[in-house]
Amino acid sequence: MRARPITPALAALLALAACRPEAEPDPFADAREACSDHNELRNVYFGDLHVHTSYSFDAYVNEVRVDPFAAYDFARGAAVDIPDDQGGVQSLQIDRPLDFAAVTDHGEYLGEVAACVDPSSSAYDSELCVGMREGDVAVMVQWGLLLGSSSPNRPSTICDSADCPSYLDDAWGRTQQAAEEAYDRSAACSFTSFVGYEWSGAKALSNLHRNVIFRNATVPALPSSHFEEPDFWGLWRALKRDCIDGLRGCDVLAIPHNSNWSNGNMFVVEYPEGDQVELAGLRAELEPLIEVFQHKGDSECMNGLSGILGEPDELCDFEKLRTGEFEDCLDGTGSQGMVNGGCVSRVDFVRGILLAGLEEEARLGVNPYKLGLMASTDTHNGTPGAVAEDRFAGHFGSVEGGPQARLTGAAPGGPQNSPGGLIAVWAEENSRNAIFDAMRRRETYGTSGPRMAVRFFGGWDYPEDMCGQADLVEAGYAGGVPMGGDLPEAPAGADAPVFVVSALKDPGTETTPGADLERAQIIKGWIDAEGEQHIEVFDVAGEVGDASVDTQTCERSGSGSSSLCAVWRDPDFDPSERAWYYARVVEVPSCRWSTRDCNALEAAGEELPTACETAPELIQERAWTSPVWF
């Protein structure tokens, strides 16, 4: 072969190549085998990203001894022992393993709990440590109240004698070790674990909590807790500084939860000193998701709040902590939400938060509340994925360890609690990178427990017969965006966006089949030309049928649908208005856990608590997709 002559142009290219540095390695490369389940059209995976174990002070006080290692075992299908309300234990096991999970013990008191359970610690015999080990609720209340301070400090009676930083370092190291040991790096990709913790700040007992989830094993030396960062702006700045910008290979997101407890404070539209556009962008970068449902109630919507126009939505009464009359925060904020007190704000619920995001985007050019939806349990038993109504064992150790305890617990517990929910993601494979990327792009949805498979796409020219096409998913991606995305620019001639929602029922198990689906809905929120906020709910598939439940036996009769699908075009689209759309899929009714507990007590001849007359008898489980924005 004759050599190619070196021309001046070729010589220049060769010189440039010689000077060019080698390509930077992927900082998020995952040292693992290739997943055998890889699918470019994405699989659905179910997980729980809000899990407390014995490393959390409020779990330990209630006699929970399940540690992070055992919690991950539970998520993968193993049984664990949790406290009952008689001084003993009961065994619990989920019917199907989860695909992924994160233990999120409170970053606050992580070291103090470790010091209190170490007999060699100089703080071991302190009043607080003894009270914690003996289950003194006053200790939990005292530690909890410290988190409501604007200038919180670690308990001096422990940390003045014990080396709290060393204990924190050790507990944080074991948290990471548990996640690493649980992660399946083989081609089977059977389970994915994430390192995480909960930032547990509060403001006058208004909930501001966030779960912090790291992409991989590269994490900061210590968690940034409420003690180091007393407000959430400080938390985001610390995560940006210490992880994203300051630690190669580190990535992280924060997930707010229980906005229904925040008295308007979690999503109040206000900024600290600084560039508002930059600050809104920081919030959007660090907080792409919100927990819409967990064991302390539903945060999707609430009827009767001011500032949003639209007809009442009967399905907004689902699993509420606050019932009856309440004070409206209007455009202000309140306090005491964590004890069911104070006012209720429209930005305590997802719909109001998403609408506030449209307003901020119009004002700043950045939407700080562009939030995808997810759900989890917030279990304090170390039992991720324990969401079944027919085997609910509580979520708070001995205080919810039996039917009487669950049904008579003080508000906001007792019959108001629920088993909690799950996060579902559409990802190419069950690996840390794939699932984290799905969360970043908001291709997620939350369920109140069931594992129904829900797709939601938005575009401009989907065909009317798309539900009958075998390539629905491929066409959905090719012709538009999935849940969590922005509608692409409208092509010439398009007059309104088109949405496709497709849902398959949870198959359940051989012994406990899943419930049929009743309805699929699309919820639209928008801001009109006068600045008014609007919500409208559209039934797009299914209907209320003849399905019913015998509440004495919990046997279901009648039926719904095993699958639902619809192609829907917005009939009132106005291209001058900012809007978002999400899907809600609802099952037929089934027995709520409280009905099953009441039936068990009656069968045992025990006295029935008042909750057996006042608690809802039935529940309609559901899923909420992340929105698509216009």
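To start, this report covers the structure provided alongside it.

This paragraph deals with the layout of surface pockets. Size it by volume and the second largest pocket reaches roughly 650 Å³. As for the second largest pocket, its lining consists of 37 residues, of which Ala388, Glu389, Asp390, Thr512 and Pro513 are closest to the centre. When residues of the lining of the second largest pocket are traced back to their parent elements, those giving at least two are strand S22 (555-557) and strand S25 (590-591). For the lining of the second largest pocket, the class distribution of residues is 13 nonpolar, twelve polar and twelve charged.

The final tally for this structure, using the stated rule, is nine disulfides. One disulfide in the model links Cys35 with Cys189; its S-S distance is 1.9 Å. Linking Cys35 and Cys189, the disulfide has an S-S dihedral of approximately -95° and is accordingly described as left-handed. Taken as a pair, Cys35 in the loop between helix H1 (8-19) and strand S1 (43-48) and Cys189 in the loop between helix H8 (164-182) and strand S5 (192-199) lie far apart in primary sequence, 154 residues in all. With respect to burial, Cys35 and Cys189 carry one shared label: buried. One disulfide in the model links Cys301 with Cys316; its S-S distance is 2.0 Å. Sign of the S-S torsion, about -110° for the bond between Cys301 and Cys316, identifies this disulfide as left-handed. In this pair, Cys301 sits in the loop between strand S11 (297-298) and strand S12 (308-309) while Cys316 sits in the loop between S12 and helix H11 (350-364), placing the two residues 15 residues apart along the sequence. Across this residue pair, the class does not change: Cys301 and Cys316 are buried.

This part takes up the packing of aromatic side chains. Two descriptors summarise a pair of aromatic rings, namely the distance from one centre to the other and the angle between the planes of the rings. Taken as a whole, this structure holds 29 aromatic pairs when the rule is applied. Aromatic pair Phe267 and Tyr369: ring centres 5.4 Å apart, planes at 85°, arrangement edge-to-face. Taken as a pair, Phe267 in the loop between strand S9 (252-256) and helix H10 (276-286) and Tyr369 in the loop between H11 and strand S13 (372-375) lie far apart in primary sequence, 102 residues in all. Assessed through its relative accessible area of 0%, Phe267 is described here as buried.

Here we take up the sheet that holds strand S10 (residues 289-294). Pairing is mixed in the open sheet, where three strands are placed in the order S11-S10-S13. Only two strands of the sheet have a single partner each, and these edge strands are S11 and S13. Sheet topology note: the S10/S13 ladder contains four bridges and is parallel. Bridge pairing in S13 places Glu291 opposite Met374.

Conventions adopted
- Residues numbered from 1 in each chain as written.
- Predicted model: local features only at pLDDT ≥ 70, side-chain atom pairs only at ≥ 80, totals over all residues.
- Heavy atoms only, no water.
- 1 Å grid on protein atoms, 1.4 Å probe; cavity = no way out; pocket = protein on both sides within 12 Å on 5 of 7 lines; lining within 4 Å.
- Points joined across faces, edges and corners; volume = space filled by probe spheres on them.
- Helix = DSSP H or I, 4+ residues; strand = E, 2+ residues; numbered from the N terminus.
- Nonpolar A, V, L, I, M, F, W, Y, C, P; charged D, E, K, R; others polar.
- Disulfide = S-S within 2.5 Å.
- Buried < 20%, exposed > 50% of the residue type's maximum accessible area, 1.4 Å probe, protein only.
- Phe/Tyr/Trp six-rings, centres within 6.5 Å; stacked < 30°, edge-to-face > 60°.
- Pairing = 2+ DSSP bridges.

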